[in-house]
Amino acid sequence: MVLLLGFTNVLITFYIVINKNLKSFIDQIYIVFLNDIFIYFNIFEKYKKYIKNVLKRFNQYNFFINLNKYKFYIQKIFFLNFVISPENIFIKTNYI
């Protein structure tokens, strides 16, 4: 399961602020890359719990997001020419 949160024009500041405020979760349930936050876990119930934890932390630090813009409970994503799914990670074949 993955949650994509896309932001624009604030890459370094965003990266620093998010990692500082979510540091207890880093590399356990989320990864920040450029302007995206990927929240992941392979067990659906734990994934929902982690989403709630991250959203609570956003609220605690006065980060406001429009939830309608984001994707929740995605089983497969395309990221940096990779396809990421619960089963595996592979390169898109048209890039080989």
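Everything below is about the structure printed above this text.
Residues numbered from 1 in each chain as written. Predicted model: local features only at pLDDT ≥ 70, side-chain atom pairs only at ≥ 80, totals over all residues. Heavy atoms only, no water.

Chemist: Go over the overall build of the chain with me, naming the residues and quoting the values.
Modeler: The number of helices and strands found in the chain is two helices and seven strands. Counting from the amino terminus, the chain carries its helices and strands in the arrangement β-α-β-β-α-β-β-β-β. When burial is assessed residue by residue, the chain has 30% of its 96 residues classed as buried. Look at the contacts in the chain between residues 6 or more apart in sequence, and 53% of them connect residues 24 or more apart. (Helix = DSSP H or I, 4+ residues; strand = E, 2+ residues; numbered from the N terminus. Buried < 20%, exposed > 50% of the residue type's maximum accessible area, 1.4 Å probe, protein only. Contact = heavy atoms within 4.5 Å.)

Chemist: How would you summarise the sheet that holds strand β5 (residues 77–79) if you had to cite specific residues and measurements?
Modeler: The strand order across the open sheet formed by three strands is β5-β6-β7, and the pairing between neighbours is antiparallel. Both outer strands of the open sheet, β5 and β7 (89–91), are each paired with one neighbouring strand and no more. Sheet twist, expressed as the average angle between the axes of neighbouring strands with direction ignored, equals 25 degrees. Strand direction decides the pairing type here: β5 and strand β6 (residues 82–84), joined by three bridges, are antiparallel. What sits directly across from phenylalanine 79, in β6, is phenylalanine 82. (Pairing = 2+ DSSP bridges. Axes fitted to C-alpha atoms, helices over the stretch in contact; angles between N-to-C directions.)

Chemist: Which residues make up helix α2 (residues 44–60), and what values do they have?
Modeler: In this model α2 runs 24 Å from its N-terminal to its C-terminal C-alpha over 17 residues, within 8% of the 24 Å that 1.5 Å per residue would give. All of the buried residues along α2 are Tyr47, Tyr50, Ile51, Val54, Arg57 and Phe58. An end-on view of α2 places all buried positions within 130 degrees of arc, on one side of the element. What points out from α2, more than 90 degrees from its buried face, is the exposed set Glu45, Lys52, Lys56, Asn59 and Gln60. Immediately beyond the C-terminal end of α2, within one or two residues, lies asparagine 62, with a positive phi of roughly 60 degrees. (Expected span 1.5 Å × (residues − 1). Arc of directions from axis to C-beta.)

Chemist: Tell me about the side chain of asparagine 21, residues and numbers included.
Modeler: Looking at where asparagine 21 falls in the secondary structure, it is placed in helix α1 (residues 11–21). A residue is classified by how much of its surface remains accessible, and asparagine 21, at 10% relative accessible area, is buried. Not counting the four nearest positions on each side in its chain, asparagine 21 is found in contact with Arg57, Tyr61 and Phe63.

Chemist: Lay out the environment of tyrosine 40 with the relevant residues and their values.
Modeler: Looking at where tyrosine 40 falls in the secondary structure, it is placed in strand β3 (residues 36–40). Of the residues examined, tyrosine 40 reaches a relative accessible area of 26% and is grouped as partly exposed. Through-space distance from the C-alpha of tyrosine 40 to that of isoleucine 74 is 9.6 Å; in sequence the pair is 34 residues apart.

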